Amino acid sequence: MNGKKIGALAIAAAILLTGCGSNGDGSADDKSSDQVASPKAGGAGGEVGVFTWWADGSEKKGLDALEKSFKKQYPNDTFVNLAVAGGSGSNAKAKLASDLQNGNPPGSFQGHAGAELTDYIDNEQIEPVDDLIKELGGDSVLPKTLLDRLTVDGHIYSVPVDIHRSNVVWANTAALKKAGIKDTPSDVKSWLADLQKVKDSGVATPLSIGGTWTQTELFESILMANLGADGYSALFTKDGNWSSPEVKASIEDFKKALSFANTASDGDDWPAATDMVSDGSAAYNIMGDWAVAEFDSRNKTFGKDYTAFALPGKEDVYGFLADSFTLPTGTKNPEATKDWLRFVGSKDAQSTFNQIKGSIPARTDVSPDGFNAYQQKAMKDFKEKKIVSSIAHGAAVPLAWSSEINTAMSKFHQDKNTDNFVSALVAAHDKYAM
């Protein structure tokens, strides 16, 4: 594995950015400079198989809307939906790895922007898309905080379609009122105290969780809150200390939070946990802001039926992840793939898709009109808050590292052994951090 690439991307994904941007023009590499042919009216023609994990619920609705619009704008191209169901893409990523290894890449595949793409880059399974990014507007329409997280050794390897926030607490307003909770908690400890108030009010499950990756998301949100942006981001550097008192205290907070939660299996997906808040059987759930679309699907109104806030702590941070699409090496119809990438990177596509999915556009020139109150606030927060990268959603660490964290998480969910969990987290860091 190319340590230089891993180090560049892991640091860019984890640390608050200090100006290490890409030139975005592909000039450093001849193979990226001729990536984009002149677009043909109506599209290049032929099939473009699009591989995602948007197979159910609001995510599928968003993909369906993209497909419909893509067919209108590129009638010469044939969209083939290759979606594979599975929370946070666990099933899809396994199938994708097999397809790539067997020399059968899709037209394009969904990936989380950031460190998750490292292995694909090192294995030369995806191509740079610098010229496409430039064609779409580059740094004039995409924020620097995003472009730097997309850049590896001076090149960009995917086109972002959205930005999500991972560290969001969703709350049922009726349940909070019943428990006498009027104010947003000031830190993790006060949130845990509110969980106890909810339980005392008669709610059997104050906090809802899903499978392993949702628990990793809960844990990372506690880490972000307790450590702050710099402390959290430092965990992914070579000198990151996963056995520090602050990390151990966060694990104890996490353990306490789980004591208020339902029992979940590894394969349980996120919508059911979100729906528990929607119907009032749980008061809280920590989930990315794709949950907005799930609440919308149940005719729930933000500010009335439910509310949301970033898990508070040392400072207000924005837990970052972004969905993006790639140009796989050796794909059968690369020109049709480039049509798809042009499309998902466009202003119109990002407006349509993100309004449905609950995320915010990657592009900064999309009007907030048509987005709900939560999304408009998220657009403002992304510009103003410190950005840190999600573990659970591939922005902070490569796939292999996140896999080991999830394995340790699954074991911790069963035995609640802090020492064993710390040891596993330290071992994963020492194995992969550069």
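Residues numbered from 1 in each chain as written. Predicted model: local features only at pLDDT ≥ 70, side-chain atom pairs only at ≥ 80, totals over all residues. Heavy atoms only, no water.

### Here we look at the overall build of the protein
Here comes step 1: From N to C terminus, the protein includes 18 helices and 14 strands.
Here comes step 2: For 434 residues, the compact-globule estimate of 2.2 N^0.38 gives 22 Å, and the protein sits close to it at 21 Å.
Here comes step 3: C-alpha atoms of the protein, sized along the principal axes, occupy 65 × 45 × 40 Å.
Here comes step 4: For the protein, restricting intrachain contacts to residue pairs at least 6 apart in sequence, the fraction spanning at least 24 positions comes to 81%. (Helix = DSSP H or I, 4+ residues; strand = E, 2+ residues; numbered from the N terminus. Rg over C-alpha atoms; globule rule 2.2 N^0.38 Å. Contact = heavy atoms within 4.5 Å.)

### Section: the packing of helix H11 (residues 245-258) against helix H17 (residues 399-415)
Helix-helix packing is described using two parameters, namely the angle between the two axes and the distance between the axes.
Here comes step 1: At their nearest, the axes of H11 and H17 sit 11 Å apart, and the two run at 60° to each other. Regarding the angle of H11 to H17, the classification is oblique. As H11 packs across H17, the resulting crossing turns out to be right-handed. Where H11 abuts H17, its residues Ile251, Phe254, Lys255 and Leu258 lie against Met409, Phe412 and His413. (Axes fitted to C-alpha atoms, helices over the stretch in contact; angles between N-to-C directions. Parallel < 35°, antiparallel > 145°, perpendicular 65-115°, else oblique. Left-handed = near helix turned anticlockwise from the far one by under 90°.)

### Considering the environment of Tyr284
Here comes step 1: With respect to the secondary-structure elements, Tyr284 resides in strand S10 (residues 282-287).
Here comes step 2: For Tyr284, a relative accessible area of 1% corresponds to the buried category.
Here comes step 3: Separated by 36 residues in sequence, Tyr284 and Phe320 have C-alpha atoms that sit 20 Å apart. (Buried < 20%, exposed > 50% of the residue type's maximum accessible area, 1.4 Å probe, protein only.)

### So, the sheet that holds strand S8 (residues 168-172)
Here comes step 1: On the basis of which strands lie adjacent, the open sheet formed by four strands has the order S9-S10-S8-S11 and mixed pairing. With one partner strand each, in any of the chains shown, strand S9 (205-207) and strand S11 (306-310) form the two edges of the open sheet. Recorded for the sheet is a direction-independent mean angle of 25° between the axes of neighbouring strands.
Here comes step 2: Bridge count for S9 against S10 is two bridges, and the pairing is parallel. Its bridge partner being in S10, Leu207 is matched across the sheet by Tyr284.
Here comes step 3: Taken strand by strand, helix H12 (residues 270-279) contacts S8, S9 and S10, and its axis lies near 145° from that of S10. (Pairing = 2+ DSSP bridges.)

### Looking at the pairing of strand S2 (residues 77-81)
Two faces belong to every sheet, and in a regular strand the side chains alternate between them.
Here comes step 1: Here strand S1 (residues 46-51) runs beside S2; their pairing, made up of five bridges, is parallel. Each bridged residue has a counterpart across the sheet, and for Val50 the counterpart in S2 is Asn81.
Here comes step 2: You can see the chain leave S1, run along helix H3 (residues 57-73) and come back into S2, and the turn it takes is right-handed. (Right-handed = clockwise from strand over helix to strand, strands pointing away.)

### Observations regarding the confidence of the model for the protein
Here comes step 1: Taken residue by residue, the protein gives an average pLDDT of 90. The fraction at 70 or more is 91%.
Here comes step 2: Across residues 1-36, where pLDDT falls below 50, the model places 88 contacts with residues more than four positions away in sequence or in other chains. (pLDDT = per-residue confidence, 0-100.)

### Quick notes on unusual backbone geometry
Here comes step 1: Positive phi values are uncommon outside glycine, yet Asp153 reaches one of about 50°.
Here comes step 2: Mapped onto the secondary structure, Asp153 falls in the loop between strand S4 (151-152) and strand S5 (155-156).
Here comes step 3: Asp153 sits in the partly exposed class, given a relative accessible area of 32%.
Here comes step 4: Its identity as a non-glycine residue notwithstanding, Asn299 has a phi of 60°, on the positive side.

### A few points about helix H15 (residues 347-357)
Here comes step 1: Where H15 is concerned, the buried positions are Ala349, Gln350, Ser351, Phe353, Asn354 and Lys357.
Here comes step 2: Where H15 ends, the next residue or the one after it, Gly358, has phi of about 100°, a positive value.

### Looking at the side chain of His429
Here comes step 1: With respect to the helices and strands, His429 occurs in helix H18 (residues 418-432).
Here comes step 2: Within the structure, the side chain of His429 is placed 2.9 Å from the side chain of Asp430, a separation counted as a polar contact. (Polar contact = N/O pair within 3.5 Å; in protein donor to acceptor, adjacent residues only side chain to side chain.)

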